[in-house]
Amino acid sequence: IKMIHELLLALSGYPGTIFTWNKRTGLQVSQDLPFLHPSETSVLNRLCKLGSDYIRFTEFIEQHTGHVHQQEHHSIQTNQAGLNGVYLRAFCTGLDSMLQPYRQALLDLEQEFLGDPHLSISHVNYMLDQFQLLFPSVMVVVETIKSQKIHGCQILETVYKHSCGGLPPVRMALEKILAVCHGVMYKQLAAWMLHGLLLDQSEEFYVKQGPSAGGAAANQEEDEEDLGIGGLSGKQLKELQDLRLIEEENMLAPSLQQFSLRAEMLPSYVPIRVAEKILFVGESVQMFENHNHSPSRAGSILKHQEDMFATELHRLKQQPLFSLVDFENLIDGIRSTVAEHLWTLMVEESDLLGQLKIIKDFYLLGRGELYQVFIDHAQHMLKTPPTAVTEHDVNVAFQQAAHKVLLDDDNLLPLLHLTIDYQGKESKDATGTREGATPPQESSPREVPPTGWAALGLAYKVQWPLHILFTPAVLEKILLFTLCIADSTFNIKRYPLANVCANRQWNILMYTVYYVHHPVHENGSLLQTVSHVAVASIQLLFD
């Protein structure tokens, strides 16, 4: 009877003199027991494997959560493997709940032996046989997490892959652990999609703040593949895109935060299309919550449906199995609500079409007569190197030119400002305190501009929330493109059309110039015209 109690204590994580614990070999029967038959020793050692796995499970749980289920001398140092995070703690919580039936089975066995002292070791082996397949399989998952230092949402992928086996007890146990880990994901989703908060201190979520890292392991053949755009290769296109991301990130206002997907953290059972919707919703809510300071626009981008969506997320959290159909349907519902609100806010309330017309008039030289008059007024100011008063003088000339061509929009003109960058200008002015400033392009800030024209830039203060579309980097590119068009238009007039038409690049240029300099008819579509300009400009810049 004493040996049975020693066995139950050892299986509970408390070894003694009959069942000893060794860090390398685990729990074993003492060799100094001559009264044990070899067959009994074999059965006891088989049971000791369960005790060894249980002790290692509880050590792992104690290490990462602080929950203690055994004596202190079996514990190991906290965070020895360097693992941490809320997903790991959730995994340990699920693992601990998986061990509860085992603990209950040991309690039941103790009650049975107290009632019937004549029960044998075979009865213990029979009652615990259900765990002989479960514990080794779950131990593989634990060892994988420890050896590979699985982190964050990668734990979801690891548990999911091991739950796809053919053993029902193992599958059911790992599905329960996975459901506990999904609870953390749903909490992060609720904070991100409903409130625009990225609660991810340990970088465990598949949404991160900052630009995407990109595909560093891209195939070399794919990088060098000709895309058919003026000989531009895939590698060159990727470099241009990386430069554009860095440039736009540096020129954005400090209050604008860029977010992207962390692909290595995305579980395989969550498609990338769903993750991109999650990213879009969170970015939109975050932008709205952080920059909605106007009383006339007070309210929620989710139309005060946060409680309903939170209830739906909680319902999904309570489901024992993850359902991609239900999950994507809820994501689509939230996305539709956000997209509808953004459409109303940007297109109708913020007059997106009107902003596009302003960009066309002032950045694409749609108001050519304004710039013609401005050149006449400012020519004598800008043909010499700029000074401290040049910026003030050219803005006065710009205002005079606007009045001369009957452009007296009191709401528009204060939003436009010509900038001059010159050596000795204060850094705060050089960096552009006005939102939407376009710094000069033909000279370095350390060089003295030869003329005022080389230091001339145009700033436009874009109103919220259209500032997320018309960033300073975008406006600068439009201005650069316009200068290229103006210079190329002058060159077109110098060469015979017969020689020009033979070159595809010149054909695209002439096509673009036509759409830039011809006004939109009353029955025409401004968006269609802008789209023509955008397509042609992309082709031109690539060529």
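This structure is a prediction, so every number in the text was calculated from the model and none was measured.

**Notes on the overall build of the chain**
So, point 1. When its secondary structure is counted, the chain shows 20 helices and 8 strands.
So, point 2. Contacts spanning at least 24 positions in sequence make up 71% of the contacts within the chain whose residues lie at least 6 apart.
So, point 3. Of the roughly 28700 Å² that the chain leaves accessible, carbon and sulfur atoms contribute 55%.

**Considerations on unusual backbone geometry**
So, point 1. A positive phi angle is found at Lys 149, which is not glycine, with a value near 50°.
So, point 2. Look at Glu 203: it is not a glycine, yet its phi comes out positive at around 55°.

**Topic: helix 6 (residues 154–162)**
So, point 1. Among the residues of helix 6, those classed as buried are Ile 155, Leu 156, Glu 157, Thr 158 and Val 159.
So, point 2. In the core, the buried residues of helix 6 are packed alongside helix 3 (86–115), helix 5 (131–148) and helix 7 (168–195).

**Re the packing of aromatic side chains**
So, point 1. Taken as a whole and judged by the stated rule, the model has 13 aromatic pairs.
So, point 2. Each ring, one from Tyr 102 and one from Phe 135, has its centre 5.1 Å from the other, and the planes form 55°; the classification is tilted. With a gap of 33 residues between them, Tyr 102 in helix 3 and Phe 135 in helix 5 connect regions that are remote in the sequence. With respect to class, Tyr 102 is no different from Phe 135; both count as buried.
So, point 3. When the ring of Phe 322 is compared with that of Phe 327, the centres are 5.2 Å apart and the planes differ by 50°; the resulting orientation is tilted.
So, point 4. We classify Phe 322 as partly exposed; its relative accessible area is 22%.
So, point 5. The positively charged end of Arg 335 is found above the aromatic ring belonging to Phe 280, 5.4 Å away from the centroid.

**Structural notes on the pattern of salt bridges**
So, point 1. In total, this model carries 10 salt bridges according to the counting rule given.
So, point 2. Of the charged contacts in the structure, one is a salt bridge between Lys 277 and Glu 328, with a shortest N-O distance of 3.5 Å. On the criterion of sequence distance, the pair formed by Lys 277 in helix 10 (residues 272–291) and Glu 328 in helix 12 (residues 324–349) is long-range, its members being 51 residues apart.
So, point 3. With relative accessibility at 13%, the residue Glu 328 sits in the buried group.
So, point 4. Taken together, the shared-partner salt bridges in this structure form one network comprising Arg 273, Lys 277, Glu 328 and Asp 332.

Conventions and cut-offs
- Residues numbered from 1 in each chain as written.
- Predicted model: local features only at pLDDT ≥ 70, side-chain atom pairs only at ≥ 80, totals over all residues.
- Heavy atoms only, no water.
- Helix = DSSP H or I, 4+ residues; strand = E, 2+ residues; numbered from the N terminus.
- Contact = heavy atoms within 4.5 Å.
- Areas by Shrake-Rupley, 256 points an atom, 1.4 Å probe, with all protein chains shown as cover.
- Buried < 20%, exposed > 50% of the residue type's maximum accessible area, 1.4 Å probe, protein only.
- Phe/Tyr/Trp six-rings, centres within 6.5 Å; stacked < 30°, edge-to-face > 60°.
- Lys NZ or Arg CZ within 6 Å of the ring centre and 35° of its normal.
- Salt bridge = Lys/Arg side-chain N within 4 Å of Asp/Glu carboxyl O.

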